[in-house]
Amino acid sequence: MQAISDLSRVLPARRKPSHDLRSTVNHALRMATFVLLLLVGAGSSSKADDLLKALLFHAPFDETIHARVSTGDGRMYTSPAGQRFNGSVGNKRKDVEIVPGAGKFGDALRFTDRSNQAIYFRAEHNMGYRKSNWSGTVSFWLRGNPDKNLKPGFADPVQITATRFNDAAFWVDFTKDDSPRHFRHGVFSDIEHWNPNNIPWNDFPAEKRPTIVVEKPPFSDDAWTHVVCTFSGINGPAAEATLYLDGKPQGSLKGPMSFTWDE
């Protein structure tokens, strides 16, 4: 899972000075993300003004690859080939483009091939990280048939981490060997928290991995699927993370969760 062909898994060393919010589908054909939203710290009220106050980051990919709303750096970056950091501002990938009018409500960001370059946003301030009782929501839209459109290998539409997929990381991915390809949501605490004995991934019991697995996800070429990942109480006495597809809960992870980040 650390091969260069799967760059969504190859990440910088743990204590790099900043985290990256990576919005990538490295192996996609005609699969697009329309909008990326981060809502952190919203109260119990559902009023529109409360939601607006809680909005930290919004990248609709309408006319521009950069975020329209951000509390940190809202620019998109492209990494050098074979790296996951030290990127330069802008989209430098020929296989990624904005398609006017192709989105759910406006334009869309389309991926047409695989690449060993990552495109990403920096997560500093944009994730609202808290050392105690951290809560938030990540929301985005995807369209595409993963069984027809994705090339071999894991594909991670969104991954949020500074290190590896299994160390203080949020992500969603499509598996590589299943038919149909499963859709998974991983919420991995610090590796020493969830896997203190450093058990190899393939030997770790599948039912104890901090992932939510959807064996028959509803993604298709004909319709947009709304993906929502919520988390609450991280770095507190109790935490919970839930995956929703088109508003329907697909499963939850509950229990103590520890995320140690140096933004």
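In the block above lies the structure referred to throughout.
First things first, this report covers the structure right here in the doc.

Procedures and definitions
- Residues numbered from 1 in each chain as written.
- Predicted model: local features only at pLDDT ≥ 70, side-chain atom pairs only at ≥ 80, totals over all residues.
- Heavy atoms only, no water.
- Core = buried A, V, L, I, M, F, W, Y, C linked by side-chain atoms within 4.5 Å.
- Buried < 20%, exposed > 50% of the residue type's maximum accessible area, 1.4 Å probe, protein only.
- Helix = DSSP H or I, 4+ residues; strand = E, 2+ residues; numbered from the N terminus.
- Contact = heavy atoms within 4.5 Å.
- Phe/Tyr/Trp six-rings, centres within 6.5 Å; stacked < 30°, edge-to-face > 60°.
- Lys NZ or Arg CZ within 6 Å of the ring centre and 35° of its normal.
- Salt bridge = Lys/Arg side-chain N within 4 Å of Asp/Glu carboxyl O.
- Polar contact = N/O pair within 3.5 Å; in protein donor to acceptor, adjacent residues only side chain to side chain.

Some thoughts on the nonpolar core
When a protein is soluble and globular, its nonpolar side chains tend to lie buried together. Among the nonpolar cores identified, the biggest contains 32 residues, and Trp 134, Phe 170, Phe 183, Val 227, Phe 259 and Trp 261 are the most heavily contacted of them. Those elements giving two or more residues to this core turn out to be strand 10 (134–143), strand 11 (155–161), strand 12 (169–174), strand 13 (183–188), strand 14 (211–214), strand 15 (225–234) and strand 16 (240–245). Excluding anything up to four places from it in sequence, Phe 259 contacts Tyr 129, Trp 134, Ala 168, Ala 169, Phe 170, Val 187, Phe 188, Ser 189, Asp 190, Ile 234 and Asn 235.

Topic: the side chain of Asn 166
Along the chain, Asn 166 turns up in the loop between strand 11 and strand 12. The buried category is assigned to Asn 166, whose relative accessible area is 12%. Discounting residues that sit within four places of it in the chain, Asn 166 has contacts with Phe 188, Ser 189, Ile 191 and Trp 194.

Looking at the packing of aromatic side chains
Evaluation of the coordinates by the stated rule reveals 24 aromatic pairs. Centroid distance Tyr 129 to Trp 134: 5.1 Å. Interplanar angle 80°. Geometry classified as edge-to-face. Just as Tyr 129 is buried, Trp 134 falls in that class too. When the ring of Phe 170 is compared with that of Phe 231, the centres are 4.8 Å apart and the planes differ by 35°; the resulting orientation is tilted. Here Phe 170, found in strand 12, pairs with Phe 231, found in strand 15; they are 61 residues apart in sequence, far enough to count as distant. Overall, the relative accessible area of 5% leaves Phe 170 in the buried class. A relative accessible area of 5% places Phe 231 in the buried class. Members of the aromatic cluster, each reached through a chain of ring pairs, are Tyr 129, Trp 134, Phe 170, Phe 231, Phe 259 and Trp 261. If you follow Arg 209 out to its NZ or CZ, it ends over the ring of Trp 201, 4.2 Å from the centre.

Some thoughts on unusual backbone geometry
Here Ser 179 and Pro 180 are connected by a cis peptide whose omega angle stands at 0°. Structurally, Pro 180 is set in the loop between strand 12 and strand 13. Positive phi outside glycine occurs at Phe 61, with the angle close to 60°. Judged by relative accessible area, which is 0%, Phe 61 ranks as buried.

Thoughts on the environment of Phe 188
With respect to the helices and strands, the residue Phe 188 is situated in strand 13. Separated by 71 residues in the primary sequence, Phe 188 and Phe 259 have C-alpha atoms spaced 8.2 Å apart. Apart from the residues lying within four places of it in its own chain, the contact partners of Phe 188 are Phe 165, Asn 166, Asp 167, Ala 168, Ala 169, Trp 171, Trp 194, Trp 201, Pro 210, Thr 211 and Phe 259.

Some points on the pattern of salt bridges
Within this structure, the stated rule accounts for 7 salt bridges. Arg 110 is the partner of Glu 97 in a salt bridge, and the nearest nitrogen-oxygen pair spans 2.6 Å. One end of the pair, Glu 97, is in strand 7 (residues 96–99); the other, Arg 110, is in strand 8 (residues 108–111), with 13 residues separating them in the sequence. Residue classification places Arg 110 among the partly exposed positions, given a relative accessible area of 30%. Overlapping salt bridges, with partners in common, bring together Asp 73, Arg 75 and Arg 122 in one network.

Re the environment of Ser 189
Mapped onto the fold, Ser 189 is located in the loop between strand 13 and helix 3 (191–194). The exposure class assigned to Ser 189 is buried, which follows from its relative accessible area of 4%. For Ser 189 and Met 257, which are 68 residues apart along the polypeptide, the C-alpha to C-alpha distance reads 5.5 Å. What Ser 189 contacts, discounting residues up to four positions off in sequence, is Asn 166, Asp 167, Ala 168, Trp 194, Pro 256, Met 257, Ser 258 and Phe 259.

Here's the deal with the side chain of Asp 173
Among the structural elements, Asp 173 can be located in strand 12. Its relative accessible area of 0% is what places Asp 173 among the buried residues. Polar contacts involving the side chain of Asp 173 include one to the side chain of Arg 184, which spans 2.7 Å.

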